[in-house]
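The chain contents come next:
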Amino acid sequence: MTRSTDFNATRARFHLPDGVTYLDGNSLGPLPVHATERVAAMMREEWGEMLITGWNRAGWMDAPRRVADRIAPLIGAAPGTVVLGDTLSVKVYQALASALEMRPGRRVILSDSGNFPSDLYMADGLVRTLDRGHELRVVAPDAVADAITDELAVLMLTEVDYRTGRRHDIARLTERAHAAGALAIWDLAHSAGALPVDVTGGRADFAVGCTYKYLNGGPGAPAFIYVAPEHAEVARPALSGWLGHAAPFAFDLDYRAGRGIDRMRVGTPPILQIAALDAALDVWDMADMRDVRARSIELTQLFIAEVEARCPDLALHSPRDPEARGSQVSFRHREGYAIMQALIARGVIGDFRAPDVLRFGFTPLYIGEGDVMRAVAILEDVMTNALWDRDDYRRRAAVT
Ligand SMILES: *Cc1c(COP(=O)(O)O)cnc(C)c1O
């Protein structure tokens, strides 16, 4: 396959600290070099000089939609169907609340045990708030398809499992949900920027995701929400904040939902953070998502083959078929936490997910074969020589 993406050029756009092999871009993308100056310039020239007039003169008010339109092509969404704001947990709540209201006669929300706990917690909180007898039903990931029945109001899943990297088939499961009369909400936290996504072709009703993982928007970058065009004027926002109002500056006492995706806005957007994200998205002008996916598969296949050959005590916890996983690879070991600390101390940064999962993200925009081989060599040293076997490596930090 010929590739149009120059991965040396994309890599040069990121600041990667000396001596670090960064395999955790699935949790927090690294700093795009030019984001520093972009944010500094925005602070100096816009916030500093324009003060409150920046909302109009610098286009801050439109930023959540304008920058979301740069994410839209990465997830197969049409322009004007995605907006930024809040955190992913909040966007999950919003999507679910609107979807449940669109299926008033039904009571079951179906999700799976591979979903990220916050998504399930938000659903649980919403069910309690509504107090109308909804049930959050959680089944094993491979039992989802058969659990789709005509009791369902909403199918709510994350495409790529944060722990194992296992990938659901959006189009197939959405089709089943629709055939059963339910709506489908897809969380793209580990998909957007990691692999090609097609919310339009897959007929997702709602999709949500974050921008600080594979989209490199920085810690605390705002989440995004997509609403299918046919629902845009129907979905009623539960978090009915003033910036989702049809006329925020009319200051009406009554809420009227704004047009289309704008109604999913809540309050004042994080303009500094959006400036950093906007800069980070520039790198996608240089990259073709199909190339990124093909390269990701090469890197993950290489990593799995090398680790299995050289570290026999680690058990693969991700699907072996690359089509069945996202852009991360996980291995299990009962001392996984200490092993990861030993790796981090030697400049290989991945992360750990309880109870025993070592997780490594592969992000071709800035990770290549040399990084994979270096990481495996250090992992082999840590395993062969039990370098992880130290009390200080077993002491858990707040963030793992
Ligand atoms: C990362 C992640 C989150 C995090 O939500 P925040 O509100 O941004 O902290 C939620 N859901 C999934 C599936 C995730 O992967």
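Keep in mind it's a predicted model, so treat the numbers as computed, not measured.

**Regarding the pairing of strand β12 (residues 328–332)**
- Of all 5 residues in β12, 4 are buried, a share of seventy percent or more.
- Sheet topology places strand β11 (residues 315–316) next to β12; 2 bridges connect them, and they run antiparallel. In the sheet register, L316 faces β12, and the bridge partner there is F331.
- In terms of strand pairing, β12 meets strand β15 (residues 357–361) through 5 bridges, oriented antiparallel. If you follow S330 over to β15, its bridge partner there is R359.

**Quick look at the packing of aromatic side chains**
- A complete count under the given rule lists 10 aromatic pairs for this structure.
- Summarising the aromatic geometry, the rings of W242 and F251 are spaced 6.1 Å apart at their centres and angled 20° between planes, so their arrangement reads as stacked.
- Relative accessible area serves as the criterion here: at 36%, W242 is assigned to the partly exposed category.
- For F251, a relative accessible area of 56% gives the class exposed.
- Three or more aromatic residues joined by ring pairs make a cluster, and in this case those are F303, F331, F360 and F362.
- The lysine or arginine in question, K213, covers the ring of F116, its NZ or CZ lying 5.6 Å from the ring centre.
- Residue placement shows R390 over the ring face of Y393; its charged tip is 4.3 Å from the ring centre.

**Topic: the pattern of salt bridges**
- Applying the stated criterion across every chain, the model contains 33 salt bridges.
- Between R38 and D282 there is a salt bridge, with its nearest N and O atoms 2.5 Å apart. Here R38, found in helix α2 (residues 33–50), pairs with D282, found in the loop between α9 (271–281) and α10 (289–310); they are 244 residues apart in sequence, far enough to count as distant.
- For D124, the salt bridge goes to R128, with nearest N and O atoms at 3.7 Å. Taken together, the residues span about one helical turn, with D124 and R128 both in helix α6 (residues 117–130) at a distance of 4 residues.
- Among the residues examined, D124 registers a relative accessible area of 40% and is labelled partly exposed.
- Through salt bridges with shared partners, one network takes in R38, R66, R70, D278, D282 and D285.

**A look at the sheet that holds strand β14 (residues 351–353)**
- Here 4 strands make up an open sheet; going across it, the order is β11-β12-β15-β14 and the pairing antiparallel. The open sheet has two free edges, formed respectively by β11 and β14, since each of these has just one partner strand.
- Contacts from helix α11 (residues 336–345) reach β14 and β15 within the one sheet, and its direction differs from that of β15 by about 40°.

**Regarding the site of the ligand**
- Neighbouring the ligand are T87, L88, S89, F116, D119, T158, D187, A189, H190, Y212 and K213.
- Here an oxygen atom of the ligand sits 2.9 Å away from a polar atom, N or O, in the side chain of H190.
- Within the side chain of Y212, a nitrogen or oxygen atom sits 2.7 Å from an oxygen atom of the ligand.
- Out of a free accessible area of 400 Å², the ligand has 86% covered by protein chains.
- Residue composition of the shell around the ligand, by class: 4 nonpolar, 4 polar and 3 charged.

Analysis parameters
Residues numbered from 1 in each chain as written. Predicted model: local features only at pLDDT ≥ 70, side-chain atom pairs only at ≥ 80, totals over all residues. Heavy atoms only, no water. Buried < 20%, exposed > 50% of the residue type's maximum accessible area, 1.4 Å probe, protein only. Helix = DSSP H or I, 4+ residues; strand = E, 2+ residues; numbered from the N terminus. Pairing = 2+ DSSP bridges. Phe/Tyr/Trp six-rings, centres within 6.5 Å; stacked < 30°, edge-to-face > 60°. Lys NZ or Arg CZ within 6 Å of the ring centre and 35° of its normal. Salt bridge = Lys/Arg side-chain N within 4 Å of Asp/Glu carboxyl O. Contact = heavy atoms within 4.5 Å. Axes fitted to C-alpha atoms, helices over the stretch in contact; angles between N-to-C directions. Near = heavy atom within 4 Å. Polar contact = N/O pair within 3.5 Å; in protein donor to acceptor, adjacent residues only side chain to side chain. Areas by Shrake-Rupley, 256 points an atom, 1.4 Å probe, with all protein chains shown as cover. Nonpolar A, V, L, I, M, F, W, Y, C, P; charged D, E, K, R; others polar.

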